[in-house]
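These are the residues of each chain, in order.
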Amino acid sequence: MKIDTLTVTLRPRTSWEAIELGMALTRHHARLIYGAWLLLTLPALLLANAIGWALHSLWAAGLLLWWLKPLFDRVPLYVLSRAAFGDIPSLGQTLRAQRQWGGKWMWSYLIWRRLGPVRALYLPVDLLEGSTAERARARRQVVSSSIYGVSLMLTLMCSVFGLVLQLGLLGLVLIFIPNIYLPGVFEHVSAAVKASPWWFSLIANVASWLVMTAVEPFYIGAGFGLYINRRTQLEAWDIELNFRRLRARLTQAASALACLLALGLAVVPQAGHAAAASTCAAQMAQQAAHDEDAPAETKPLVAEPESVQHIFGDQPVGGTSFRRAVDQAYADPSLSPKHKLVSWKRRHPVPEKELDPTYRGLDLSGLGNLIAVIGKFALWGLLAALVITLALTARRWLPWFSEVAARAKATDDENVQRSEVTEQASLPDDVPEAIRQLWYAGRQREALAMLYRAAVEAMVTQTRTMLAPGATEAQCLRASRQLAEREDRDAFARVVRVWQYAAYAQVFPSTDAFESLLSGLKQRFVWRSITSAAHGVAVR
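Rules of the game
For every chain, the first residue of its written sequence is number 1, and the numbers climb from 1 along that sequence. Totals for whole chains, interfaces and linings use every residue, but because this is a predicted model, local features are given only for residues with pLDDT of at least 70 and side-chain atom pairs only at 80 or more, for both listing and counting. As a convention, hydrogens and water are excluded, and side-chain values are obtained from all of the structure's heavy atoms. Any residue with relative accessible area above 30% and no salt bridge may belong to a patch, with like charges joined within 9 Å and the nonpolar Val, Leu, Ile, Met, Phe, Trp and Tyr side chains within 5 Å. Throughout, the Shrake-Rupley method with a 1.4 Å probe supplies accessible areas, and for residues the shown protein chains are the sole cover considered. A pair is scored as a salt bridge if a Lys or Arg side-chain nitrogen falls within 4 Å of a carboxyl oxygen belonging to Asp or Glu. For helices the rule is a DSSP run of H or I covering at least 4 residues; for strands it is a run of E covering at least 2, with both sets numbered from the N terminus onward. Remark: exposure states derive from per-residue accessible area (1.4 Å probe, protein chains only) relative to the maximum for the residue type, with buried under 20%, exposed over 50%, and partly exposed in between. What we call a nonpolar core is a set of buried Ala, Val, Leu, Ile, Met, Phe, Trp, Tyr and Cys residues that are connected through their side-chain atoms within 4.5 Å. Here a residue-residue contact requires only that any non-hydrogen atoms of the pair lie within 4.5 Å. To obtain an axis, a line is fitted to C-alpha atoms, over the contacting stretch when the element is a helix, and the angle between two such axes runs from 0 to 180 degrees between their N-to-C directions. Roughly parallel means an angle under 35 degrees; roughly antiparallel, over 145; roughly perpendicular, 65 to 115; everything else is oblique. Helix crossings are classified by the rotation of the near helix relative to the far one: an anticlockwise turn of less than a right angle makes the crossing left-handed, while a clockwise turn makes it right-handed. Any residue outside Ala, Val, Leu, Ile, Met, Phe, Trp, Tyr, Cys, Pro, Asp, Glu, Lys and Arg is labelled polar, Gly included; the first ten of those are nonpolar and the last four are charged. To estimate the expected span of a helix, subtract one from its residue number and multiply by 1.5 Å. One axis is fitted to the seven residues ending at the residue and one to the seven starting there. The bend at that residue is the angle between these axes.

Enquirer: Please clarify how a nonpolar patch on the surface should be interpreted in this entry.
Expert: On the surface, Trp53, Leu169, Leu172, Ile175, Phe176, Trp198, Trp199, Leu202, Ile203, Val206 and Leu210 cluster together into a nonpolar patch covering about 1,100 Å² of accessible area. Breaking the nonpolar patch down by element, the ones donating at least two residues are α9 (148–174) and α11 (198–235). Of all the elements, α11 adds the most residues to the nonpolar patch, at six residues. Looking at the element boundaries, Trp199 is found in helix α11. The exposure class assigned to Trp199 is partly exposed, which follows from its relative accessible area of 41%.

Here's what the structure looks like:
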């Protein structure tokens, strides 16, 4: 693809800017696009209505034209794809290209992809790249990966705009009808819609064709803008084009530099002779000056600056031209933001008293009141039905709520374990045996609590430290650093770790691990009966 011939400025654009770019291209080449469009779609409109007339189904003609949109979409796409690269086709070339261009893809766009929501984006991929079916499928996925939603919104907006235009054509007819005749006109239109005469279907077909003619070229142009922008993002067309321009400039600069270098080499010998001649002349002039008795009057080498009067003349600053320039500067819109508003008014305004005060248009207040009453009773009825349903099914869902509440309460009770610890209670005489009895009686937490208290007591006795009331495990560990032997410190840290797992995570050691821990502590520490409260140990 010859991106050097692109007539579009390539730069990073958002998807909506790319849509605007495609619509701008459509406006720029609107004469050629609409000329070929009319020559192709107008005969199709006449032929479709003739077939519908023969089959006594004129409504099918409008449906057929709508279904054949992908065939007509090739016209703006053909023109824009050539014009964007500087090759603007003629009207004849555009019409002749419609006989074969993109024919192999039209079957899919007229059958299973006819209702595709991103037709404007997929058409350039299939018709312009000319790939096989598998490669085209992969290319469609790559191109639409990040702009599928924007393309979908484009299709939705163009569809809604077409509907608005059709309603606008209906409103264009209604504005020529006086208000007093509108109720009768609505009745006649309603009767015509029910009867569906041939002239009504024909008017609807022509209106649909007009809307399609106004919207469809811009829809395809916007899709082509998205396609160009996506190709620029994927293949870095803007960067490649800038590198090509840079190469062209450097090539031209290199040619000019080579010419200047050759010219300089030719001028250097002549410049050397000229410099030697000037040096000799300066020496001769200096010798002549010394030979003279009276030196000549020296003249200044630099001329004196001219006066301000000589430069600006005798015209005063506050002259006519100066005031005119000031007035023109203040008349600039940026300094005087003023604008003129033009509005239409009646040449002969009708006084309000001549208007009919009794006519107020169609009275729809009764319909609004009816809808409000129906909605009110429907909501109350829905609320009553909900209450009755809950009352009748209470025996099913009420026990479930009771079970959930009871289960939540039981869970909370299980998570919180309470144990009565008497702060003034002293340790037993035989601490290891008392701890074993608690463990094998199923009271593991109390056994580990007594083991922790006994270890803290032994550590305090050996280190001769005083713990604060309510000392935590971390404070006890810091105090244990004063133990003389490393084995004692490790044994105490092991007791603290086992107690923390039991107190906070409800994780207890196995019986073998418990026996091993108790035997090791019995060898390391000497337990004796003393109140733990005297040392302020906090056991949770």
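Alright, that's what it looks like, and here's the rest.
Enquirer: What exactly am I supposed to notice about the nonpolar core here?
Expert: If you look at soluble globular proteins, the nonpolar side chains tend to sit buried side by side. Among the nonpolar cores identified, the biggest contains 42 residues, and Leu77, Leu123, Leu127, Leu154, Phe224, Leu226 and Tyr227 are the most heavily contacted of them. Listed by contribution, the elements that provide at least two residues to this core are α1 (15–28), α2 (30–54), α4 (69–83), α6 (103–110), α7 (119–129), α8 (133–143), α9 and α11. In contact with Leu123, other than residues within four places in its own chain, are Asp73, Leu77, Met106, Tyr109, Leu128 and Ile220. Core analysis: the next-biggest nonpolar cluster, separate from the first, contains 36 residues, Ala434, Leu448, Cys476 and Phe492 among them.

Enquirer: What should I look at first to understand the packing of helix α17 (residues 431–440) against helix α18 (residues 444–463) in this one?
Expert: For any two helices packed against each other, one specifies the inter-axial angle together with the distance between the axes. α18 packs onto α17 with a crossing angle of 160° between their chain directions and a minimal axis gap of 7 Å. With respect to each other, α17 and α18 are oriented roughly antiparallel. Regarding α17 and α18, the two cross each other, and that crossing is left-handed. Mapping the contact onto sequence places Val431, Ala434, Ile435, Leu438 and Trp439 in α17 and Gln444, Glu446, Ala447, Leu448, Met450, Leu451 and Ala454 in α18. Partitioned by chemical class, the residues of the contact of α17 with α18 number ten nonpolar, one polar and one charged.

Enquirer: Explain the packing of helix α19 (residues 473–480) against helix α20 (residues 486–505) here, please?
Expert: At a closest axis distance of 10 Å, the pairing of α19 and α20 adopts a crossing angle of 175°. In terms of orientation, α19 and α20 fall into the roughly antiparallel class. Residues Glu473, Cys476, Leu477 and Ser480 of α19 pack against Arg489, Phe492, Ala493, Val496, Trp499, Gln500 and Tyr504 of α20. Looking at the contact of α19 with α20 residue by residue, the classes come out as seven nonpolar, two polar and two charged.

Enquirer: Got a minute to help me understand α2 in this structure?
Expert: Given 3.6 residues per turn, any residue in an α-helix points the same way as the ones three and four places further on. For α2, built from 25 residues, the straight-helix expectation of 36 Å at 1.5 Å per residue is met to within 8% by its first-to-last C-alpha distance of 35 Å. Roughly 25° is the biggest bend found in α2, and it falls at Leu38. Within α2, burial applies to Leu32, Ile33, Tyr34, Ala36, Trp37, Thr41, Leu45, Ala48, Asn49 and Gly52. Those residues of α2 that are buried are in contact with α1, α3 (59–67), α4, α5 (91–97) and α11. Just downstream of α2, His56 is the residue with a positive phi angle, here 60°.

Enquirer: Help me understand the environment of Val150 in this model?
Expert: As for its position among the elements, Val150 is in helix α9. Not counting residues up to four positions away in its chain, the partners in contact with Val150 are Ser15, Trp16, Ile19 and Leu226.

Enquirer: Even after reading the chapter, I still don't get unusual backbone geometry, so can you show me in this structure?
Expert: Glycine aside, negative phi is the norm for most residues, and most peptide bonds take the trans geometry. One non-glycine residue, His56, adopts positive backbone phi at about 60°. Here the phi dihedral of Gln506 falls at roughly 55°; this positive angle occurs in a residue that is not glycine. With respect to the helices and strands, the residue Gln506 is situated in the loop between α20 and α21 (511–524).

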